[in-house]
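Structural description and commentary
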There are 4 protein chains.
Amino acid sequence: MEETTTGVIRLEAMEKDGALKIPVVAVNDADTKHLFDNQYGTGQSTVDGIIRATDVLLAGKTFVICGYGMCGRGLANRARGMGAHVVVTEVEPVSALQAVMDGFKVMSMDEAAVIGDIFCTVTGNTTVLTTQHFEKMKNGALVANSGHFNVEIDIEGLEELASKVNRNVRNYVDEYLFSDGRSIYLLGEGRLINLVAAEGHPADVMDMSFALQSLMAEYSVQNDLTPEVHSVPREIDKLVASLKLQTMGIEIDTLTDEQETYLNSWEEGT
Amino acid sequence: MEETTTGVIRLEAMEKDGALKIPVVAVNDADTKHLFDNQYGTGQSTVDGIIRATDVLLAGKTFVICGYGMCGRGLANRARGMGAHVVVTEVEPVSALQAVMDGFKVMSMDEAAVIGDIFCTVTGNTTVLTTQHFEKMKNGALVANSGHFNVEIDIEGLEELASKVNRNVRNYVDEYLFSDGRSIYLLGEGRLINLVAAEGHPADVMDMSFALQSLMAEYSVQNDLTPEVHSVPREIDKLVASLKLQTMGIEIDTLTDEQETYLNSWEEGT
Amino acid sequence: MEETTTGVIRLEAMEKDGALKIPVVAVNDADTKHLFDNQYGTGQSTVDGIIRATDVLLAGKTFVICGYGMCGRGLANRARGMGAHVVVTEVEPVSALQAVMDGFKVMSMDEAAVIGDIFCTVTGNTTVLTTQHFEKMKNGALVANSGHFNVEIDIEGLEELASKVNRNVRNYVDEYLFSDGRSIYLLGEGRLINLVAAEGHPADVMDMSFALQSLMAEYSVQNDLTPEVHSVPREIDKLVASLKLQTMGIEIDTLTDEQETYLNSWEEGT
Amino acid sequence: MEETTTGVIRLEAMEKDGALKIPVVAVNDADTKHLFDNQYGTGQSTVDGIIRATDVLLAGKTFVICGYGMCGRGLANRARGMGAHVVVTEVEPVSALQAVMDGFKVMSMDEAAVIGDIFCTVTGNTTVLTTQHFEKMKNGALVANSGHFNVEIDIEGLEELASKVNRNVRNYVDEYLFSDGRSIYLLGEGRLINLVAAEGHPADVMDMSFALQSLMAEYSVQNDLTPEVHSVPREIDKLVASLKLQTMGIEIDTLTDEQETYLNSWEEGT
């Protein structure tokens with residue numbers, strides 16, 4: 001059961017290289033996982049982690065989000081919801097354009113580096129914030145990661161650039177001083193800030209991910225899976241969503257026979 | 001080149017039945033089409049159509065949206081953006097749960113019928129608003145469709161239920177009077193309200209859809225397509241997004257070689 | 001009964017100069033007028049007017065609002081609600097700071113002129129958009145006014161600057177061509193765009209303003225008013241709000257005796 | 001220098017009763033105080049306190065806010081920004097109507113008690129949540145206060161109603177069990193949750209309040225103040241806003257002479 005975007009990318013690369021020896025279920029790719037956990041879970045908990053680490057007021061701040069995948073979308077919405085001016089950077093043009101249309105400023109990291117008060121990487125990639133960006137940042141800029149591992153920010157580069165480092169000026173906050181008088185604050189040593197400074201995803205969204213894992217474990221035993229990366233069947237995805245709605249006391253409609261027929265036919269309604 | 005969700009559903013049903021005799025490109029399913037045109041285009045123009053038809057103040061009104069596909073999402077966000085209290089009805093549990101988490105109330109159509117001031121169907125299905133709902137609606141309820149055709153609202157049922165109909169009490173507004181003294185206002189005879197009362201999708205989102213059609217027409221000629229429903233290649237999707245960003249004067253980042261390698265490898269970063 | 005911000009400013013200046021010969025009620029200054037009509041009424045109808053005049057897609061556009069009074073706030077929220085990137089310009093530092101904290105970019109008009117796609121003045125003042133700004137605007141910029149009269153935009157200056165004017169390229173849209181190849185589009189001849197191209201404020205917010213006028217007319221007859229600018233008594237303001245809530249079917253709480261006493265006392269709870 | 005809404009109410013009552021013996025400045029009532037500190041400070045820090053205490057996911061939850069003053073507005077916007085479905089209760093009809101038009105559901109506390117997942121009082125009054133409401137609440141309801149003192153929730157009544165209390169089931173969370181099997185969770189013993197479980201208002205909004213206090217202390221010494229409740233002069237209010245904008249690197253416009261004249265005259269522009 002693979003629970004993360006990064007993990008699924010790795011496992012698919014392994015499968016492609018013939019290195020995958022056991023069956024794996026890409027639980028992360030189920031709708032009831034990545035559309036919820038990654039979006040609403042990472043969104044809230046990243047804001048939570050940054051506030052706990054710094055107690056910064058988000059209203060009126062320029063908040064730069066690197067990456068507009070599900071995590072980035074969640075974070076962008078929550079940061080805007082707290083009154084921040086959100087800037088998005090992207091490498092994928094379709095995602096970039098969605099960010100624009102969703103009301104966020106989009107620009108290159110070089111441009112964003114100059115104006116940001118708070119930076120957070122959520123790309124799943126490496127070396128997204130580099131020395132070329134640190135050199136342009138404002139005095140007092142806060143830099144965090146909520147994507148994966150501690151490789152999205154070039155910490156080594158930051159250390160080399162700084163003339164002095166004050167560790168733990170606040171819990172989970174290291175101050176990097178530059179010879180030009182500026183300070184940049186690195187949060188949680190560049191590790192996932194929602195895990196470092198907050199409590200990770202809230203239980204009431206993890207329940208869905210765990211339900212998927214549990215149901216897929218059962219499914220794996222009942223069906224003899226080949227050593228590949230498998231998807232979660234749509235029926236199990238829908239079951240998890242239905243159960244969650246039920247626990248929230250929410251009732252939805254069902255298709256009538258007439259509507260089922262209408263949807264499946266091309267002779268009616270055309 | 002098929003441009004609509006409804007059309008693609010029909011054409012896929014035809015292909016399944018062996019009734020499709022010519023190659024078709026599901027332009028609608030390209031990201032740069034349905035994520036933009038259906039969402040931002042339908043969202044704005046539906047609000048526009050309802051306001052032009054009725055001049056209703058949306059702030060403080062309960063706005064019921066039937067369907068939370070791309071059109072429904074766009075409309076929900078725009079209606080909320082105008083100050084409305086948005087209620088969503090759905091038949092698909094994953095979409096319903098997304099609506100909840102996006103901050104919208106979700107309930108059955110039976111429950112929504114009682115509290116709504118404005119109703120708009122965007123389902124692509126038939127007979128979504130029925131006599132069972134009209135009977136529960138508040139006096140003065142506005143009823144519109146922005147999904148497809150004029151079948152989402154059971155107009156025949158509405159006519160039978162009403163004791164009198166006043167046509168065109170305002171342009172594009174018919175008043176249905178009931179013997180219990182209530183009135184329900186049907187907008188645009190249940191046809192697509194953004195086409196009837198407004199101008200359809202703005203040109204600055206249709207440009208993307210037309211770019212796709214044009215590029216795929218060229219592609220179809222260059223590649224000998226079989227009589228099936230074909231997808232838009234990812235590269236063309238990305239090209240349209242890149243061109244659109246360019247016209248907006250927006251620059252984005254590109255992956256470095258190191259990042260490309262990192263993404264494609266499973267030996268690094270694990 | 002004076003219904004507008006501009007009118008009250010004028011009447012107070014008359015009173016100060018001893019030029020006011022009759023009693024006047026500043027209906028505009030009642031909470032149930034300027035907090036609602038000016039905010040939600042102007043907000044929606046200005047967006048409506050701009051869309052009817054141009055059919056522009058607001059999502060992703062940079063929308064510059066000159067003035068962050070009640071009209072400006074309403075417009076800023078509605079423009080953001082349609083997906084626009086809102087920029088606010090102001091002369092009053094407290095209002096400017098509120099705009100920042102509410103999540104809007106704030107800058108000088110000189111800076112905003114360069115990046116805006118759409119401009120709308122709502123200041124109640126004169127000569128807010130001038131030739132110095134037109135010279136910096138992007139090709140295709142839309143310029144409108146929803147503040148008062150037709151003096152907020154320096155139309156004379158615009159005419160002198162332009163090498164050619166194409167009247168009515170669309171209803172309510174005049175194109176001003178410059179010798180450098182750029183075009184600026186002036187909407188509604190710089191008159192109130194919500195009145196010119198849309199229907200003004202919706203009836204369901206004007207009802208409150210008219211209720212105030214009517215109740216204050218009665219009050220004026222019953223009380224022998226001096227020739228000054230009079231305020232609306234708080235009780236009448238609250239009555240209008242209560243009546244409006246009632247028509248919307250909304251019930252609210254009332255203070256208990258214990259709560260009344262607690263609020264009015266300084267010996268308890270300190 | 002009085003910094004709180006509650007304090008000013010008390011001091012004005014004292015002045016009215018002739019009990020005020022020293023000059024007092026109502027710093028709270030300055031725009032740069034209550035429009036910012038109370039709104040953006042309380043808004044963010046209350047959400048912060050509730051999340052730290054409970055780690056609840058706000059997205060999709062019904063969040064009931066008692067009171068729509070500046071604190072309530074701030075909290076309502078932040079809770080919505082985190083994806084919650086916000087319900088507002090009020091006793092003042094104008095504020096209630098504003099909440100409706102701002103897109104929030106408004107209802108009586110009796111109605112809200114039934115549907116809320118999270119409750120937070122911000123009224124400055126006493127006994128807002130009572131046994132009559134606890135009896136209707138859902139199993140698992142979270143109850144907090146961010147208004148003043150610990151009197152907004154009837155804790156004594158809650159204790160009498162409960163059949164058992166589990167203290168500190170999580171830091172700052174007490175579980176009240178009822179004989180019918182429901183639990184209600186009281187946060188921070190009903191004291192200000194942003195002070196109990198979070199860090200109070202962020203420094204970058206308190207700076208404005210402290211600047212006001214400091215400038216008014218100087219002003220008090222320079223001007224021989226009478227033993228009354230004094231307001232902050234408008235010029236000092238504007239100075240604080242200007243200084244804050246400056247620290248954020250934001251430049252705004254100034255009125256031209258022509259504009260000053262226009263605003264002050266009633267002979268022009270009428």
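Described below are features of the structure shown in this document. (Residues numbered from 1 in each chain as written. Chains lettered and ligands numbered in written order. Predicted model: local features only at pLDDT ≥ 70, side-chain atom pairs only at ≥ 80, totals over all residues. Heavy atoms only, no water.)

Considering the overall build of chain A
In terms of regular secondary structure, chain A is built from 12 helices and 10 strands. C-alpha extents for chain A along the principal axes are approximately 70 × 45 × 35 Å. Counting every position in chain A, which comprises 270 residues, the buried fraction comes to 59%. Counting contacts in chain A only where the partners sit at least 6 residues apart, residues at least 24 apart contribute 63% of the total. (Helix = DSSP H or I, 4+ residues; strand = E, 2+ residues; numbered from the N terminus. Buried < 20%, exposed > 50% of the residue type's maximum accessible area, 1.4 Å probe, protein only. Contact = heavy atoms within 4.5 Å.)

Focus on the interface of chain B and chain A
At the interface, 62 residues of chain B touch 62 residues of chain A. Taken together, both faces of the contact between chain B and chain A bury some 5300 Å²; the carbon and sulfur share is 64%. For the pair chain B and chain A, the interface holds 2 salt bridges. For R234 of chain A, the salt bridge goes to E92 of chain B, with nearest N and O atoms at 2.9 Å. On inspection of chain B and its partner chain A, the count reaches 20 residue pairs in polar contact (both at pLDDT 80 or more). Elements with a contribution of two residues or more to the side of chain B that touches chain A: α1 (5–16), α2 (31–34), α5 (93–101), α6 (109–115), α11 (234–247) and α12 (257–264) of chain B. Residues that form the side of chain B that touches chain A fall into these classes: 30 nonpolar, 16 polar and 16 charged. (Buried area = accessible area lost by both parts, 1.4 Å probe. Salt bridge = Lys/Arg side-chain N within 4 Å of Asp/Glu carboxyl O. Polar contact = N/O pair within 3.5 Å; in protein donor to acceptor, adjacent residues only side chain to side chain. Nonpolar A, V, L, I, M, F, W, Y, C, P; charged D, E, K, R; others polar.)

Let's talk about the sheet that holds strand β9 (residues 183–187) of chain B
All names here are of chain B. Spatial ordering of the open sheet is given by β4-β3-β2-β5-β6-β9-β8-β7, a layout of 8 strands whose pairing is mixed. Two strands bound the open sheet, and with one partner strand each, they are β4 (105–106) and β7 (164–170). As paired strands, strand β2 (residues 62–66) and strand β3 (residues 85–89) are joined by 5 bridges and run parallel to one another. Along β3, the bridge assignment pairs C66 with T89. (Pairing = 2+ DSSP bridges.)

Some points on the relation of the copies chain C and chain B
Rotating chain C by 180° about the axis while translating it 0.0 Å along that axis superimposes it on chain B, leaving an RMSD of 0.0 Å. Such a combination of turn and shift is consistent with a two-fold rotation axis. For chain C, the residue whose C-alpha comes nearest the rotation axis is G81 of chain C, separated from it by 1.7 Å. Same-surface contact between copies: 96% of interface residues of chain C are shared with the interface of chain B. (Least-squares fit on C-alpha atoms with pLDDT ≥ 70 in both.)

Describing the relation of the copies chain B and chain A
Mapping chain B onto chain A calls for a screw motion: a turn of 180° about the axis and a shift of 0.0 Å along it, with 0.0 Å RMSD after fitting. By residue overlap, the copies meet face to face through one surface: 100% of the interface positions of chain B are interface positions in chain A.

Concerning the pairing of strand β5 (residues 118–121) of chain C
All names here are of chain C. Here β5 shows two buried faces, one formed by I118 and C120 and the other by F119 and T121. Bridge count for β5 against strand β6 (residues 141–145) is 4 bridges, and the pairing is parallel. Of the residues in β6, the one forming a bridge with T121 is N145.

Observations regarding the interface of chain C and chain B
Each partner contributes to the interface: chain C provides 26 residues, whereas chain B provides 26 residues. Contact between chain C and chain B buries roughly 2200 Å² in total, counting both sides, with carbon and sulfur atoms accounting for 49%. Per-residue buried area on chain C facing chain B is highest for Q44, L57 and M82 of chain C; these three make up 27% of the total on that side. Scanning the region where chain C abuts chain B turns up 4 salt bridges. Note that R170 of chain B is salt-bridged to E199 of chain C, the shortest N-O span being 2.5 Å. Linking chain C with chain B are 14 residue pairs in polar contact (both at pLDDT 80 or more), by the criterion used here. For the side of chain C that touches chain B, the secondary-structure elements that each account for two or more residues are α3 (37–54), α4 (70–81) and α10 (203–222) of chain C. Top contributing element to the side of chain C that touches chain B by residue count: α3 of chain C, with 6 residues.

Observations regarding the sheet that holds strand β4 (residues 105–106) of chain D
Paired through backbone hydrogen bonds, the strands of a sheet run either parallel or antiparallel to each other. All names here are of chain D. Spatially, β4-β3-β2-β5-β6-β9-β8-β7 is the arrangement adopted by the 8 strands of the open sheet, whose pairing is mixed. The sheet terminates laterally at β4 and β7 (164–170), the two strands that pair on one side only. Looking at chain direction, strand β3 (residues 85–89) and β4 are connected through 2 bridges and run parallel. What sits directly across from V87, in β4, is K105.

Let's talk about the side chain of E90 of chain D
Assignment of secondary structure puts E90 of chain D in the loop between β3 and α5 (93–101). Despite being buried, E90 of chain D has no salt bridge partner; R73 of chain D is the closest side chain of opposite charge, sitting 6.1 Å away. For E90 of chain D, the side chain forms a polar contact with the main-chain nitrogen of E92 of chain D, separated by 2.9 Å. Sequence-distant contacts of E90 of chain D, that is, excluding residues within four places in its chain, are made with I252 and D253 of chain C together with G67, Y68, G69, S95 and A96 of chain D. (Lys, Arg positive; Asp, Glu negative; His and termini not counted.)

Some points on the packing of helix α5 (residues 93–101) of chain C against helix α11 (residues 234–247) of chain D
The geometry of α5 of chain C relative to α11 of chain D is characterised by a closest axis approach of 8 Å and an angle of 45° between their N-to-C directions. Regarding the angle of α5 of chain C to α11 of chain D, the classification is oblique. As for the relative orientation of α5 of chain C and α11 of chain D, their crossing is left-handed in sense. Here P93, V94, A96, L97, V100 and M101 of chain C of α5 of chain C come into contact with α11 of chain D, specifically with R234, D237, K238, A241, S242, K244 and L245 of chain D. Classifying every residue of the contact of α5 of chain C with α11 of chain D by side-chain character gives 8 nonpolar, 1 polar and 4 charged. (Axes fitted to C-alpha atoms, helices over the stretch in contact; angles between N-to-C directions. Parallel < 35°, antiparallel > 145°, perpendicular 65-115°, else oblique. Left-handed = near helix turned anticlockwise from the far one by under 90°.)

Concerning the pattern of salt bridges
Inspection of the entire model under this criterion finds 56 salt bridges over all chains. Between D204 of chain A and K61 of chain D there is a salt bridge; the shortest N-O distance is 2.8 Å. With D204 of chain A in helix α10 (residues 203–222) and K61 of chain D in the loop between α3 (37–54) and β2 (62–66), this residue pair bridges two chains. In this structure, the salt-bridge partner of D237 of chain A is R234 of chain A, at a minimum N-O distance of 3.5 Å. Taken together, the residues span about one helical turn, with D237 of chain A and R234 of chain A both in helix α11 (residues 234–247) at a distance of 3 residues. Relative accessible area serves as the criterion here: at 3%, D237 of chain A is assigned to the buried category. Judged by relative accessible area, R234 of chain A falls into the partly exposed class, the value being 36%. Where salt bridges share partners, they join D31, R234 and D237 of chain A together with E92 of chain B into one cluster.

Some points on the packing of aromatic side chains
Each pair of aromatic rings is reported with the distance of its centres and the angle of its planes. One pass over the full model with this rule turns up 8 aromatic pairs over all chains. Centroid distance F36 of chain A to Y40 of chain A: 5.8 Å. Interplanar angle 50°. Geometry classified as tilted. Arranged with centres 6.0 Å apart and planes meeting at 65°, the rings of Y68 of chain A and F104 of chain A form a pair that is edge-to-face. One end of the pair, Y68 of chain A, is in the loop between β2 (62–66) and α4 (70–81); the other, F104 of chain A, is in the loop between α5 (93–101) and β4 (105–106), with 36 residues separating them in the sequence. Summarising the burial analysis for this pair, Y68 of chain A and F104 of chain A share the class buried. Over the face of the ring belonging to F178 of chain D we find R182 of chain D, whose NZ or CZ atom lies 4.8 Å from the ring centre. (Phe/Tyr/Trp six-rings, centres within 6.5 Å; stacked < 30°, edge-to-face > 60°. Lys NZ or Arg CZ within 6 Å of the ring centre and 35° of its normal.)

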